[in-house]
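Here is how the chains run, residue by residue.
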Amino acid sequence: PNEQQPSPEAPPLKRFTYPLVAGLAAVAVGVVACTGKKATGIPIPTAAIERRDIVVDASATGAVEPINVVEVKSKASGQITQMPVETGTLVKPGDLIVQLDTRDVKNQYDQALADVRAAEAKLQVSEAQKKRSDDLFEGRIITAQEHETAALDYANSQAAVVRARTNLDLAQQRLEDATVRAPISGTVIEKTVSLGQVITSGTSSLGGGTTLIKMADLNQVQVRALVTEADIGTISPGMAATVTVDAYPDRPFRGSVQKIEPQAVVQQSVTMFPVLITISNVEGLLKPGMNGEVSVLIDRRENVLAVPNDAIRNMREAATAATALGLNADSVQAQVRAQMAAMGGGFGGGNRGGGNGAPGGAGAAPAGGSAPNVSRGEVVLASAD
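Keep in mind it's a predicted model, so treat the numbers as computed, not measured.

Draft legend 1. Expanded view of the nonpolar core. Counting 26 residues, the largest nonpolar core has Ile277, Ile279 and Leu286 as its most contacted members. Contributing elements (two or more residues each) for this core: strand E3 (50–66), strand E12 (220–228), strand E13 (240–245), strand E14 (253–260), strand E16 (270–280) and strand E17 (291–306). When sequence neighbours within four positions are dropped, the list of residues in contact with Ile277 reads Val221, Gln222, Val223, Ala225, Ala241, Val243, Gly255, Ser256, Val257, Gln258 and Val294. Grouped together as the second largest cluster of nonpolar side chains are 20 residues, Val72, Val91, Leu100 and Val188 included.

Draft legend 2. Seen up close, unusual backbone geometry. Residues other than glycine seldom take positive phi values, yet Ser269 does so here, at roughly 65 degrees. For Ser269, a relative accessible area of 74% gives the class exposed. Of note in this structure, Asn303 is not a glycine but carries a positive phi near 55 degrees. Along the chain, the position of Asn303 falls in strand E17.

Draft legend 3. Focus on the pairing of E3. Here E3 pairs with E17 via 13 bridges, running antiparallel. In the strand pairing of E17, Asp57 is matched with Leu297. The sheet contact formed by E3 and E12 spans six bridges and is antiparallel. Across the sheet, Ala63 pairs through a bridge with Arg224, a residue of E12.

Draft legend 4. Representation of the sheet that holds strand E10 (residues 198–199) in the model. If you trace the four strands from one edge of the open sheet to the other, you get E8-E7-E5-E10, paired in antiparallel fashion. The open sheet has two free edges, formed respectively by strand E8 (179–181) and E10, since each of these has just one partner strand. In terms of strand pairing, strand E5 (residues 78–82) meets strand E7 (residues 96–100) through two bridges, oriented antiparallel. Residue pairing across strands places Ile80 opposite Leu100, the latter belonging to E7.

Draft legend 5. A look at the packing of aromatic side chains. With the rule as written, the count across this model stands at one aromatic pair. On the numbers, 6.1 Å between centres and 75 degrees between planes, the contact of Tyr248 with Phe253 is edge-to-face. Of the residues examined, Tyr248 reaches a relative accessible area of 28% and is grouped as partly exposed.

Each value, and the rule that gives it
Residues numbered from 1 in each chain as written. Predicted model: local features only at pLDDT ≥ 70, side-chain atom pairs only at ≥ 80, totals over all residues. Heavy atoms only, no water. Core = buried A, V, L, I, M, F, W, Y, C linked by side-chain atoms within 4.5 Å. Buried < 20%, exposed > 50% of the residue type's maximum accessible area, 1.4 Å probe, protein only. Helix = DSSP H or I, 4+ residues; strand = E, 2+ residues; numbered from the N terminus. Contact = heavy atoms within 4.5 Å. Pairing = 2+ DSSP bridges. Phe/Tyr/Trp six-rings, centres within 6.5 Å; stacked < 30°, edge-to-face > 60°.

Below you can see the structure in the form of structure tokens.
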């Protein structure tokens, strides 16, 4: 039912859209009376039209997953000598993840440091020789060739110092790379290596290197739900959503739709679209991999006239409902069409409402007033008030 609030200019009205037919059971009773058949043993439930809160939502199933998973690798190769973290360990930026054997890189660093000191000493000697050569060349004691040789030796000494310092910086980086620290704050969700294992570098190896751990910030997680093609058109980013997992069936987790992925997923000939729902997980109750039921709030109306969904049938369902009641399907459909025509609506079109010349009844104007504004396909009932 499409319940709408009454217009402030017109008397309060109850509106329902057809060809949906409310109360098909009542029509069936009329058919029984007309045909002379006696329907016994088939209880017909009834319900009063009353004001309720109506919620329209889209349901789907999904799994909890981290928003951003970081694979930690080492820039250096070697054997693991320390690994203080385990799966589930909460780490902060800079915390030690893996310590590799540093003997080789430490020796390289010491050698590079010695080369720097030797190059700096050689530069000092070359600088002193160049100054003496300049003075002797001005006094015309040495030849121009000897002066040029001293100047060239000084330039080579300067270049040697630059190369030695560069090699020292690279050796220091290799020494630091042997210590792997956490790049972000998060939780270790997967550990793929163990103490004593020899790993390969993530920068120099063709295979991409060895993955040490996988970590993610679980303070905020997302649920990837597969929504059917029929419901995806009613969902948009920013809508409120509720997720219920099996571990906490009585505690719904509230979030919002973050993204609708454009690529469809086909499962068992059903087209569905992944919808990502972001949920705050400060308490750490949601774990990656948990399955949950997702409900996305499409619309909500409070304190509106409502009838049960079971009371709504369309013409295609009329035959099935009639068969279930033991009645003739054609007779029931004919009675429904006749009733709708008597209410000013018919299924074949025509004018609606008393303002267009239709007979009084559902579409007629109330006494002492003008005809209500009724759109095509709506039935107006007098207010119970």
